[in-house]
Amino acid sequence: MWQINSPGERLSVEIIQKEGGSLYYSIRKDGNPVMEESSLGIITSLAEFDKGFIFERMESTSIHESYTLPAGKKSEYHNDANEMALYFLCEGYPFILRLRAYEEGAAFRYEIPLDEGSVQIKKETTAFCFAEAFDMLWLQDWIKTYEGPYLLHEWDKGLMGQGYGMPALLHDKRSDRWLMVNEANVLNTNGSYCSCHLKGTGDHTMTIAFAPEEKGQPIASSLPFQSPWRMIAVEDSLDALVNNTLNYNLNPSSVIEDVTWIKPSRALWAWWEYENGAQLYSESKKYVDFAAAMGFEAVTLDCGWDASWVKKICDYAHKKNVQIHIWTGMQRIDTYEKAKELIPLWASWGVDGLKVDFFENDSRHTMWQYHMIADLMIKHKLMINFHGSTKPMGEGRTWPNFLTAEGIMGLEHYKWSDMPNAEHNCTVPFTRNVAGPMDYTPLGLSNRNRNTTPGHQLALPLVFYSGITHYAMSLFYLEAWNGTRFLRRTYPVYDGVKVLSGFPGNHAAIMRNKGQEWFVGVITAPKQTIELTMDFLPEGSFEAEIYEDDDKGEMIKIRTMTVTKNTVITLNLLNAGGAALYIAKTIEEPRKGICSGYMTEGIEFMASEAKAIKGSEIVHWNQDLKGLQLLGGAELVLKVPETKAYTLRLFYTAEQAWKLSVTNGISTAQAHMPASKSNKVFISHELTVRLSKGENKLRIKRVSGFVPAIHKFCLIDNSPAVTITLGAEAAVLTNGAELITCATGEYEAVGLGYEAEMIFEDIYLPETGDYILNIGYCGGDSRDICIEANGDTLVKTYLHSTSGWFFPVWDNYEGKEVVIKLQKGKNRIRLYHPKGTMSHIRNISLTPDDQ
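Residues numbered from 1 in each chain as written. Predicted model: local features only at pLDDT ≥ 70, side-chain atom pairs only at ≥ 80, totals over all residues. Heavy atoms only, no water.

Q: Can you walk me through the sheet that holds strand β49 (residues 732-733) in this structure?
A: Sheet strands associate in pairs through backbone hydrogen bonding, adopting either a parallel or an antiparallel arrangement. Reading across the sheet, the 5 strands line up as β49-β52-β57-β54-β55 and stay open at both edges, with antiparallel pairing between neighbours. Both outer strands of the open sheet, β49 and β55 (793-799), are each paired with one neighbouring strand and no more. When β49 meets strand β52 (residues 758-765), the two strands line up antiparallel, connected through 2 bridges. Paired with L733 across the two strands is M758, which belongs to β52. (Pairing = 2+ DSSP bridges. Helix = DSSP H or I, 4+ residues; strand = E, 2+ residues; numbered from the N terminus.)

Written as structure tokens, this is what we have:
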């Protein structure tokens, strides 16, 4: 028998050798059993390392170190353990069982210390025989994306033979002790092993199972061989569990010496509201402008960005201290040959990070792909976000630029299901998020199937931990929402984390601090009252700003109060509700960034102060917030210093889309106004109006569609660019392409592709320079297109499907933007694709790129 104790001797691991030479381990903490006798070993092509062990020697050492991570969940990580290595011979081959004992858990791995050659790993006989007291389990049915709920189980025969993803969480409710099983040091081993999961094999017992993608075949690995660490975290509270960093401690130290270029971020992201939003260069610039003004650190361009303008938007963003991350499917860089060409190219454009998607595979080869891609991203100083990915296993210590990963059922699932729900949200802080940062993409208010309150959504960026926190709401919702005031106060990374209260599936109240500022996110599944003690505060008096749901859970209300370390704050939470708290010595206005471009400051006019006409009337959202229900129209008097074009931005609610007309009696502008999808959720939208010097009496009218309720108007002097639009009827169509009339009454060119082309002749422009070409189209699927300007400029790109997640249709109208060089005077633009069919094209428009 061999035994190793943790440095403080609270936890012990015992190894016994039974008849036949097989090895078993057990774990105790404070003298109480955690793991009963559980088998150890691996079956390989060299030997069956699960029996017949002949002991040679034991080596012991201790580990005491601290380290920091640029995007860690706390400011400092401590790695304190005792280590024991047991050397054996088995069938003539050397074998090492290496164990570590921490106060907060234990870990072990297998090693074959041969200098060269290869080995086939046929099976792992590792078992986890949990002590009987651990009778509550939160398990995720294994799925290759790790995007499933963690469901509460009890031990029964229903677990037999079932596969479950790691991490797995267990609870001893009598002692209130928590246990988590996971693995560590997998992605960063150059494909030496697959990512594994658990399999139920008996009462209180699970075993290690290889990735299904291995199809029962042995895992090919090289010598010397080291298996991933098998880790069992054992904690006395959920606060200790959330602070556990065992899987990070089990990974090698950072391979990056200078980490100053690694920047965690709060990121804006158009995809949630508009899946093809990244196709629009002009709108992506607005996201940069909004991020800069709000003090957010990054914008992520998802599927659809175009190579003709990514460098330009990187340059534009960097001037405003905003990072640009871009999306790619991993299939574009799944070999070294592909990756070594594209990753340096994207880095040369100025891209700050990559969101690499669609791994969805736990095989050894895919683990090699993670490592290969990470190595190249490190070389070119790019931040990592893996999507469609396996679970994180602490590799962020080795790769500090590995800021977040998916492997979580996040907000995107609302697009095709009724999940995630509040129970799921209240479980993952204590399961998936313990393993590492998760790109859940919180903050969705516009989806009609939303099943949590605004207060719940606002709390999620604090409850959840991620080195890149993507806000799902578009800038047009964030700009109009009072909850954005809280987001502006937050930070991308914090000094520490503390669980104030919680239980998986029921509620979570989590505090994070940055210096002398404290932030608390609270979410619940059932309706309940939660009392939070402010005992984490130092001595003295502080101010708290509390964001919580209104009585119906439709809007955010804000209150302030004075607090001390003895204060108990009572929160009456609705079903699926939540709240967010900001605490500081004094409550000041949120930090202000760079206000320019789309976010140029303007003059605001409250809609309730406009003159209501033709049935329009004052509407009250609550006792403090009122506006104008635009049933007929309104009059607004504006005074401007010169005759020219201005931007008029409206902030409103409307359950469905509507059409707006604005006139000053000389010029008229119209705009299709998008729905906010709820009469309690605000959105902003703008149009360009031409005003005359001096006083203008604007007549604002709803032309058609749903009756909106307008909160305010904002007049902005930001010199909006003049756009030239040409309909399909203005083009020359060749070789069988033809015009059809759409339901809107507009013309659309169909039958394009191969020899059939679309040519716009005689386009007269006032200046030579870069122009944003917007192609208005409908596409039931994604199709390539070539764009030629004046016989020389050539852009090859594609028009993404406009059908979303649903059955392909050809009447959803959207746009794709590229940047092309055009000349003063006459221009010619040719749209074609010699090797395939094209989308249906309705129009093109040209706008000078004024950056």
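Still to come is the rest of the account.
Q: Can you help me understand helix α9 (residues 454-463) in this one?
A: Helical geometry note: an α-helix holds 3.6 residues per turn, so side chains three or four residues apart project in the same direction. α9 sits mainly inside the fold: 10 of its 10 residues count as buried. When α9 is considered as a whole, its buried residues turn out to be P454, G455, H456, Q457, L458, A459, L460, P461, L462 and V463. (Buried < 20%, exposed > 50% of the residue type's maximum accessible area, 1.4 Å probe, protein only.)

Q: Hey, could you run me through the pattern of salt bridges in this one?
A: Within this structure, the stated rule accounts for 53 salt bridges. Note that D236 and R10 form a salt bridge whose closest N and O atoms lie 2.7 Å from each other. Remark: R10 occurs in the loop between β1 (2-5) and β2 (11-17) and D236 occurs in the loop between β21 (229-235) and α1 (238-242); sequence separation between them is 226 residues. For K312, the salt bridge goes to D849, with nearest N and O atoms at 3.1 Å. Taken together, the residues K312 in helix α4 (residues 310-318) and D849 in the segment after β58 (840-848) connect sequence positions 537 residues apart. (Salt bridge = Lys/Arg side-chain N within 4 Å of Asp/Glu carboxyl O.)

Q: Please clarify how the environment of R783 should be interpreted in this entry.
A: Looking at where R783 falls in the secondary structure, it is placed in strand β54 (residues 783-789). Here the alpha-carbon distance between R783 and K379, two residues 404 residues apart in the chain, equals 34 Å. Beyond its immediate stretch of four places on either side in the chain, R783 contacts Y798, L799, W810, T837, M838 and S839. Within the local environment of R783, its side chain forms a polar contact with the side chain of D781, the two groups lying 2.7 Å apart. (Contact = heavy atoms within 4.5 Å. Polar contact = N/O pair within 3.5 Å; in protein donor to acceptor, adjacent residues only side chain to side chain.)

Q: What is the right way to read unusual backbone geometry from this model?
A: In the segment running from L223 into P224, the intervening peptide bond is cis, with an omega of -5 degrees. Locating P224 in the fold gives a position in the loop between β19 (219-222) and β20 (225-226). In the segment running from M419 into P420, the intervening peptide bond is cis, with an omega of 5 degrees. Mapped onto the fold, P420 is located in the loop between β27 (402-405) and α7 (422-425).

Q: What is the right way to look at the packing of aromatic side chains in this model?
A: Here a ring pair, both rings aromatic, is described through the centre-centre distance and the interplanar angle of the planes. Evaluation of the coordinates by the stated rule reveals 43 aromatic pairs. With a centroid separation of 5.7 Å and an interplanar angle of 70 degrees, the aromatic rings of W138 and F503 are classed as edge-to-face. With W138 in strand β13 (residues 136-141) and F503 in strand β29 (residues 496-503), this residue pair connects regions lying 365 residues apart in the sequence. Judged by relative accessible area, W138 falls into the buried class, the value being 2%. Relative accessible area serves as the criterion here: at 28%, F503 is assigned to the partly exposed category. Members of the aromatic cluster, connected to one another through ring pairs, are W2, Y25, F49, F53, F55, F88, F95, F108 and Y110. For K585, the ring lying beneath its charged end belongs to F542, and the centroid distance is 4.7 Å. One cation-aromatic arrangement involves R830 over Y832; the distance from NZ or CZ to the ring centre is 3.7 Å. (Phe/Tyr/Trp six-rings, centres within 6.5 Å; stacked < 30°, edge-to-face > 60°. Lys NZ or Arg CZ within 6 Å of the ring centre and 35° of its normal.)

Q: What should I look at first to understand the environment of H204 in this one?
A: Mapping H204 onto the fold places it in the loop between β17 (197-202) and β18 (205-209). Judged by its relative accessible area of 10%, H204 falls in the buried class. Spatially, the C-alpha atom of H204 lies 8.0 Å from that of D135, the residues being 69 residues apart in sequence. Filtering out sequence-adjacent residues up to four positions away, H204 remains in contact with F128, C129, F130, A131, E132, F134 and W155. Within the structure, the side chain of H204 is placed 3.2 Å from the backbone oxygen of E132, a separation counted as a polar contact.

Q: How do you make sense of the pairing of strand β3 (residues 23-29) when you look at a structure like this?
A: Regular strands have side chains that alternate between both faces of the sheet. With 5 of 7 residues buried, β3 is to be regarded as a mostly interior element. Both β2 and β3 contribute to a ladder of 7 bridges, which runs antiparallel. Within β3, the position partnered with V13 by the bridge is I27. Hairpin connection between β2 and β3: a loop of 5 residues separates the two successive antiparallel strands, and G20 in this loop has a positive phi of roughly 95 degrees. Here 5 bridges tie β3 to strand β4 (residues 32-39), and the two strands are oriented antiparallel to one another. Looking across to β4, one finds that R28 is bridged to P33. Two successive antiparallel strands, β3 and β4, enclose a turn made up of 2 residues, where D30 displays a positive phi of approximately 55 degrees.

Scope: geometric values only; no functional claims are made or implied.
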